[in-house]
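Each chain, letter by letter, is given below.
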Amino acid sequence: PMDFKYFCNYRNLLRSFLKCDDIIMPKSKETLDIVIHIRLDDILGYHQDYSLMPFSFYKHAISNIKKHHGPLNDKKIVIIGRPIDDFQNKIFRDIHEYISKQTKNDNMKLQSGSITEDILAIMHSKILIASIGSFWFWPSFLSFTNDEIHVPIFGQNKVYHYRQICISYSFI
């Protein structure tokens with residue numbers, strides 16, 4: 001299972017083996033306030049066990065973040081995803097537009113880069129809004145920057161939110 005509580009005792013050991021601070025996390029990479037991971041490439045018609053998260057999921061996550069951190073209009077926000085066709089690209093842009101309106105942030109970036117670029121973005125974010133799946137888990141777990149994670153509860157559209165301190169878990 002992708003849950004920090006199962007791996008907390010091994011976090012520093014894994015970090016030391018992988019030397020994330022030197023190899024994966026170059027000092028020049030800027031910290032991002034929020035990264036939003038949109039799972040696209042294998043989800044629509046390609047993977048029968050998953051579906052695209054509804055806009056209400058993002059609305060709920062953004063609302064929780066604004067409640068705890070205040071306005072988001074001046075934050076560095078990056079939305080990452082891998083659309084593989086025109087239909088998915090339209091969804092990606094629609095989600096970008098929707099979140100831009102929710103945050104009142106006109107400087108939000110879309111990123112459809114390599115897997116390495118997406119991993120780096122996740123590792124350098126203070127706050128992560130993650131999609132269904134496990135792609136976000138290891139970069140977030142090994143990150144020295146992630147402090148807050150919003151992920152869906154499987155089978156529900158509510159947001160499971162916790163701080164990545166490996167001790168305190170809370171539902172919001």
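For the structure, see preceding data.
Residues numbered from 1 in each chain as written. Predicted model: local features only at pLDDT ≥ 70, side-chain atom pairs only at ≥ 80, totals over all residues. Heavy atoms only, no water.

1. Some details on the pairing of strand β2 (residues 77–81)
1) Next: Extensive coverage of β2 is indicated by the burial of five of its five residues.
2) Next: In β2, alternate side chains face the same way, and those of I77, I79 and G81 on one face and V78 and I80 on the other are all buried.
3) Next: Bridging between strand β1 (residues 32–38) and β2 involves five bridges; their strand directions are parallel. Note that in β2 the partner of I36 across the bridge is I79.
4) Next: Pairing of β2 with strand β3 (residues 109–111) involves three bridges; the strand directions are parallel. Of the residues in β3, the one forming a bridge with I80 is Q111.
5) Next: In this fold, the crossover linking β2 to β3 by way of helix α3 (residues 86–103) has right-handed handedness. (Buried < 20%, exposed > 50% of the residue type's maximum accessible area, 1.4 Å probe, protein only. Helix = DSSP H or I, 4+ residues; strand = E, 2+ residues; numbered from the N terminus. Pairing = 2+ DSSP bridges. Right-handed = clockwise from strand over helix to strand, strands pointing away.)

2. Let's talk about the environment of Y58
1) Next: Here Y58 lies in helix α2 (residues 55–69).
2) Next: Classification of Y58 by relative accessible area gives buried; the value is 1%.
3) Next: On a C-alpha basis, the gap between Y58 and V151 in space is 9.9 Å, while along the polypeptide they are 93 residues apart.
4) Next: Sequence-distant contacts of Y58, that is, excluding residues within four places in its chain, are made with I36, H37, I38, M53, I95, I99, I129 and S131. (Contact = heavy atoms within 4.5 Å.)

3. Some details on the nonpolar core
Here is a general trend for soluble globular proteins: nonpolar side chains tend to be buried in one another's company.
1) Next: Ranked by internal contacts, the top residues of the largest apolar core, which has 22 residues, are I34, I36, I38, Y58, I79, I99 and I129.
2) Next: In this structure I129 touches I34, V35, I36, H37, F57, Y58, A61, I62, I65 and H150, once residues within four positions along its chain are discounted.
3) Next: Counting 15 residues, the second-largest nonpolar core is a separate cluster that includes W136, F141, L142 and I149. (Core = buried A, V, L, I, M, F, W, Y, C linked by side-chain atoms within 4.5 Å.)

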